[in-house]
Amino acid sequence: MALPDPIARLMEELARLPGIGPKSAQRLAYHLLKQDPESVRRLATAMVEARRQSRFCSVCQDLTDQDPCRICRSPGRDASVILVVEDPKDVQAVERTGEYRGLYHVLHGAIAPMDGVGPESLRIAELGQRLLQGGVKELILATDPDVEGDATALYLARLYQPAGVRVTRIARGLPVGGDLDYADESTLVKALEGRQEI
Amino acid sequence: MERLTTDALVLRCRDHGEADRLVHLITPRHGRIRAVARSARRPQSRLTGSLMPATRSVFTLVSGRELYTVTGARGQERFDRLHASLLPMAVATYLMEIADQSLGERDPAPEVYGLLLGLLTLLDAQRDPEALLRAGEVRMLALMGFALDLHRCVRCRGEAQAGAGFAPARGVLCARCRGALAPLGADALAALRSAADLPLPELGREPIPAQARRELGTVLGPALDQRLGRTPRSRAYLQQLLGPGAQDAGEP
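(A) Quick look at the domain arrangement of chain B. All names here are of chain B. As assigned here, chain B comprises domain 1 (3-78) and domain 2 (83-248). Centre-to-centre separation of domain 1 and domain 2, based on C-alpha positions: 29 Å. Carbon and sulfur atoms make up 58% of the surface buried where domain 1 meets domain 2, a total of about 1,800 Å² over both sides. Among the residues domain 1 hides against domain 2, the three largest losses belong to Leu-9, Leu-11 and Arg-32. Together they make up 33% of the total. Linking domain 1 to domain 2 there are three salt bridges. The shortest N-O distance in the salt bridge between Arg-32 and Asp-100 comes to 2.6 Å. Along the contact surface separating domain 1 from domain 2 lie ten residue pairs in polar contact (both at pLDDT 80 or more). Of all the secondary-structure elements, those providing two or more residues to the side of domain 1 that touches domain 2 are strand E1 (3-16), strand E2 (20-27), strand E3 (31-37) and strand E5 (68-77). At six residues, the largest contribution of residues to the side of domain 1 that touches domain 2 is made by E1. When grouped by side-chain class, the residues that make up the side of domain 1 that touches domain 2 number ten nonpolar, five polar and eight charged.

Below, the structure is given as structure tokens:
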């Protein structure tokens, strides 16, 4: 039996979201239809408002509702250190540690040649502009520890090391609370390479 | 349901679903295989390191309706130096894309597997990446069934020497037959012949001279595009790295 048009359309839209297949879209749609109209309206408003009010910070390229963003405006942050990440979600992950006091730069992706994503597709020019303004002593490259993230880090290091900026890469190795026996060989090798005196 | 344990090189790896990864593998006896590694994006997954492109592992796979499922992987060669070098990794990515595009699913391709493994090994050993790139292009074309004639003019069969031209789909044209085609210098011609003829372990010992590098920059691409029916997407990035001054791009 064909679904009523509005429900079919809702499922179609939900199925466009990342990680949501047709089955999950159906489950979410029926969940929404069971809710009272006011809570559905709140959800719809939150989505529309988040999209309407969000823009990219003109300095760090993170998502923000104010330009420059709160982190870039904060006088308590160390402006001589920039941590470079692939995605706005990565900024939130580092902020949750409460340990990092420098600024960020979001590239919005990583170099993925087979997908046709080259350096020109990323916010690298904007990072160059920030460095040209001076005052930056260290770039911490925190791109993902995979082939694309490594290629991006190598590319940035080649670009900015000659400019006299200290370029570092975040360490990689065993997860805290992890079990050595369950680590794969590549991770163990990286952990051994990055060992420190205690 | 077929269970398979095989040596394989990872050609490509991308996110799939909520926490899985989809890998494209090339194996010696089973050709190109696509397989899903369930939960491989979770930090506790033991598969992560073996799914990195340009690594060799022994995979245990179980066949499904469309895709295989990875049930285990034991790393064999990680090619760490290759992964830590910008231009060699771009060359490896480009050659792996050509292999990925040119092979059918499960068509045995032991020669392509051997060629790729050999080239990755040499790239990891820091041999000249551009010499290995040209060797990879010429030899992949030959393995696709389109070996280039680089010694005799493909039109008059006369000997081709410096000043010869390059006809994309076939090979070299002597100075008399090349017409308006750009001439290749002696170094470029020698580099092309070395790319095709040298035994694999000897490739990339000598860097290609700068002028010859410029001449060879565009001659092989059109031949590959014609055979593949498309331009490999990773070529644009590779050409960017190979641009002026790119010879120093091996290590950032």
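(B) Structural view of the packing of aromatic side chains. Residues and elements named next belong to chain A. A full pass over the atoms with the stated rule returns one aromatic pair over all chains. Relative to Tyr-104, the ring of Tyr-100 has its centre 5.2 Å away and its plane inclined at 70°; by these criteria the two rings are edge-to-face. Across the pair, exposure class does not vary: Tyr-100 and Tyr-104 are buried alike. The ring of Phe-56 carries Arg-123 above its face, with NZ or CZ at 4.5 Å from the centroid.

(C) Local environment of the environment of Leu-139 of chain A. Residues and elements named next belong to chain A. Position of Leu-139 relative to the elements: it lies in strand E5 (residues 138-141). Classification of Leu-139 as buried rests on a relative accessible area of 0%. If near-sequence neighbours (up to four positions away) are discounted, Leu-139 is found in contact with Ile-82, Val-84, Leu-127, Leu-131, Tyr-160, Val-165, Arg-166, Val-167 and Thr-168.

So, how was this worked out
- All residue numbers refer to position in the chain's written sequence, counted from 1.
- The lettering of chains begins at A and the numbering of ligands begins at 1, in the order of writing.
- Restriction of local features to residues with pLDDT of at least 70 applies here, the model being predicted, together with a cutoff of 80 or more for giving and counting side-chain atom pairs; totals for whole chains, interfaces and linings are based on all residues.
- With hydrogens and water stripped out, all remaining heavy atoms of the structure feed into the side-chain values.
- Segmentation of the chain into domains, including their bounds, is taken from an automatic or database domain assignment.
- The buried area of a pairing is the accessible area, by a 1.4 Å probe, that goes missing from both parts when the two are put together, added over both.
- The term salt bridge refers to a pairing of a side-chain nitrogen on Lys or Arg with a carboxyl oxygen on Asp or Glu at a separation within 4 Å.
- Think of a polar contact as two N or O atoms within 3.5 Å of one another; within protein, one of them needs to be a possible hydrogen donor and the other a possible acceptor, and neighboring residues in sequence only count if both atoms come from side chains.
- Only DSSP runs of H or I covering at least 4 residues are called helices, and only runs of E covering at least 2 are called strands; the numbering of each starts at the N terminus.
- Under this grouping Gly is polar, as are all residues other than the nonpolar Ala, Val, Leu, Ile, Met, Phe, Trp, Tyr, Cys and Pro and the charged Asp, Glu, Lys and Arg.
- Here the aromatic set is Phe, Tyr and Trp, taking the six-membered ring for Trp, and pairing holds for ring centres within 6.5 Å; pairs whose planes are under 30 degrees apart are stacked, those over 60 apart are edge-to-face, and all others are tilted.
- Relative accessibility decides the category of a residue: with a 1.4 Å probe and only protein chains considered, values under 20% of the type maximum give buried, values over 50% give exposed, and everything between is partly exposed.
- Only lysine NZ and arginine CZ atoms are considered, and such an atom sits over a ring when it is within 6 Å of the ring centre and within 35 degrees of the ring normal.
- Contact between two residues is taken to exist if any of their heavy atoms lie within 4.5 Å; hydrogens are not considered.

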